[in-house]
Amino acid sequence: MAFPSAPSALWSVSVLTVLFTAAVHSNIVYDDDPLQPVTSDETVSVGGTVTLTCRVAESDNSSLQWSNTAQQTLYFGEKRALRDNRIQLHRSTSTELSITIADVQLSDEGEYTCSIFTMPVRTARATVTVLGVPGKPQISGFENAVPEGGKVTLTCISTGSKPPARLIWYRGDQELEGRLDVVEPVPDDPTYNVSSELTLEVSRSDDNALITCAVDHPSLAPGDKRSEQALRVLYSPEVVISPENNLPREGEKFFLQCLGNGNPEPTTYMWEKKDGELPPLAKVDGAFLRFEMLNKSDNGVYLCQVDNGIGNNQGEYTLLVQDAAENIADPTAMLTSSGVDHAVIGGVVAVIVFILLCLLIVLGRYLIRHKGTYLTHEAKGSDDAPDADTAIINAEGGHSGAEDKKEYFI
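Residues numbered from 1 in each chain as written. Predicted model: local features only at pLDDT ≥ 70, side-chain atom pairs only at ≥ 80, totals over all residues. Heavy atoms only, no water.

Participant: Please provide a residue-by-residue account of the packing of aromatic side chains, values included.
Facilitator: Scanning the entire structure with this criterion turns up four aromatic pairs. Ring centres of F255 and F288 lie 5.6 Å apart, and the angle between their planes is 70°; on these two criteria the pair is classed as edge-to-face. Placement of F255 in strand 20 (residues 254-263) and of F288 in strand 23 (residues 288-291) is noted, with a sequence separation of 33 residues between them. Residue F255 is classed as partly exposed on the basis of its relative accessible area of 23%. (Phe/Tyr/Trp six-rings, centres within 6.5 Å; stacked < 30°, edge-to-face > 60°. Helix = DSSP H or I, 4+ residues; strand = E, 2+ residues; numbered from the N terminus. Buried < 20%, exposed > 50% of the residue type's maximum accessible area, 1.4 Å probe, protein only.)

Participant: Please set out the environment of L97 residue by residue, giving values where relevant.
Facilitator: Looking at the element boundaries, L97 is found in strand 7 (residues 96-101). Along the chain, L97 and S63 lie 34 residues apart, while their C-alpha atoms are 8.9 Å from each other.

Participant: Give a description of the sheet that holds strand 21 (residues 268-273) that names residues and reports values.
Facilitator: In space, the three strands of this open sheet follow the order 21-24-25, with antiparallel pairing throughout. Of all strands in the sheet, those bounded by a partner on one side alone are strand 21 and strand 25 (312-319). Strand after strand, the sheet turns through a mean of 20° between neighbouring axes, direction not considered. Both strand 24 (residues 300-307) and strand 25 contribute to a ladder of eight bridges, which runs antiparallel. Residue pairing across strands places Q305 opposite Q314, the latter belonging to strand 25. (Pairing = 2+ DSSP bridges. Axes fitted to C-alpha atoms, helices over the stretch in contact; angles between N-to-C directions.)

Participant: Account for the state of the cysteines, with residues named and values stated.
Facilitator: The final tally for this structure, using the stated rule, is three disulfides. Sulfur-sulfur distance for the disulfide between C258 and C304 comes to 2.1 Å. Of note, the bridge from C258 to C304 carries an S-S torsion of about -100° and is left-handed in sense. Residue C258 is found in strand 20, and its partner C304 is found in strand 24; the two are separated by 46 residues along the sequence. Each member of the pair, C258 together with C304, is buried. Within the protein, bonded cysteines paired by disulfides and numbered along the sequence follow the pattern 1-2, 3-4, 5-6. (Disulfide = S-S within 2.5 Å.)

Participant: If you had to explain the pairing of strand 4 (residues 73-76) to someone new, which residues and values would you point to?
Facilitator: Relative to strand 4, strand 3 (residues 64-67) runs antiparallel, the two sharing three bridges. Paired with W66 across the two strands is Y75, which belongs to strand 4. Hairpin connection, strand 3 to strand 4: the antiparallel pair is bridged by five residues, and Q71 has positive phi, about 65°. Of the strand pairs in this sheet, strand 4 and strand 5 (residues 79-80) are connected by two bridges, and their pairing is antiparallel. Looking across to strand 5, one finds that Y75 is bridged to R80. In this structure, the hairpin formed by strand 4 and strand 5 is closed by a connection of two residues, where G77 is found at a positive phi of approximately 65°.

Participant: I'd like a rundown of unusual backbone geometry, residues and numbers included.
Facilitator: In the segment running from K162 into P163, the intervening peptide bond is cis, with an omega of -5°. Take P163: it is sitting in the loop between strand 12 (151-161) and strand 13 (166-171). Geometrically, the link from N263 to P264 is a cis peptide bond, its omega value of 5° lying close to zero. Looking at the element boundaries, P264 is found in the loop between strand 20 and strand 21. Positive phi, close to 70°, is recorded for N61, a residue that is not glycine.

Participant: Explain the sheet that holds strand 5 to me, using residue names and the numbers behind them.
Facilitator: Across the sheet, which stays open at both edges, the six strands sit in the order 1-9-8-3-4-5 with mixed pairing between neighbours. Edge strands, defined here as strands with exactly one partner in the open sheet, are strand 1 (42-45) and strand 5.

Participant: Provide a residue-level description of the pattern of salt bridges, including the pertinent values.
Facilitator: Going through the model one piece at a time under the given rule, you end up with 14 salt bridges. Note that E109 is salt-bridged to K162, the shortest N-O span being 2.6 Å. Taken as a pair, E109 in the loop between strand 7 and strand 8 (110-116) and K162 in the loop between strand 12 and strand 13 lie far apart in primary sequence, 53 residues in all. For K162, a relative accessible area of 13% translates into the label buried. Two residues, D216 and R166, come together in a salt bridge whose shortest N-O distance is 3.4 Å. (Salt bridge = Lys/Arg side-chain N within 4 Å of Asp/Glu carboxyl O.)

Structure, rendered in structure tokens:
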């Protein structure tokens, strides 16, 4: 379709606008009409870009047109009708007209109209919803440290959201339950300010814990906007006395260190010996108690009292000085050595038992053989003897031997 000169074009656009306005107010709907424009609603965040698309199933060479919420023509076919550089032609064919609106503002929200200038004029509407992007949340209430066991109330505020944002509290990764959000509309603006409060009863474990306020809104990805602050909790110190080593020996140097874990850090350390005075050679050096030369008389229970301005606490340590000449081996080594000795002793006993068994077996076999030989000698000559008396006389070790002994002595 050819377009006339500029004045004529403006006159034509005006005429078409009048016709379009009349068609809009007529609210004519054409079902199953191939020339009926089809559009879709769109949602966009402030500062984003939205694309408006209008299509028809068939073309009769009539031009499509997009108009804004004020019924101002934006594009008529490929022709720009409104001088707004944010609005650009995206695609124009005989069956489609698509435009884009960049840097969308809240004022761009509303109902846009696509028309096709047939007889009668056919129209379709598309609603553009603009989301007001909430600002980064701000947390207050961390200005002063909180004593252990006390309560702290924190406030989180996010501005400029549309629709109203939702605020979520976290301690680390754990979600906390705050009070219901307070939503306040902004005067002369379609956005809202949202605030939420969180009250916590704190303990020493909450010191340096991160408290987070996150914004939940359809214009944001999860975690896009959040703020976090660390809690400061004041608590009295926990006291532990740490020795230089676990085997203090007589005549050696030695020290005890008092460790006070509190907030704020401890400022005062006091050393004393239970049921007595500190030894003359024990010197107090702040958190340290130093012994120049240990003595058996230094044995006893030592106390360290710590104060940090919030409270005080004390720890104790029992000192047991070992003799200088006493050779105390490492308990683990002693256990290992004892185990080795038992193994050696067991092996020696087993060998001895084995040898004794072997000796008993050899001795038993020897005795059995010796007994058999004796009986055989006794019976020698008995087989050939004519009678028993002769057999006895002929046997070795018999009476003949006795007679020989008699003759020997005579």
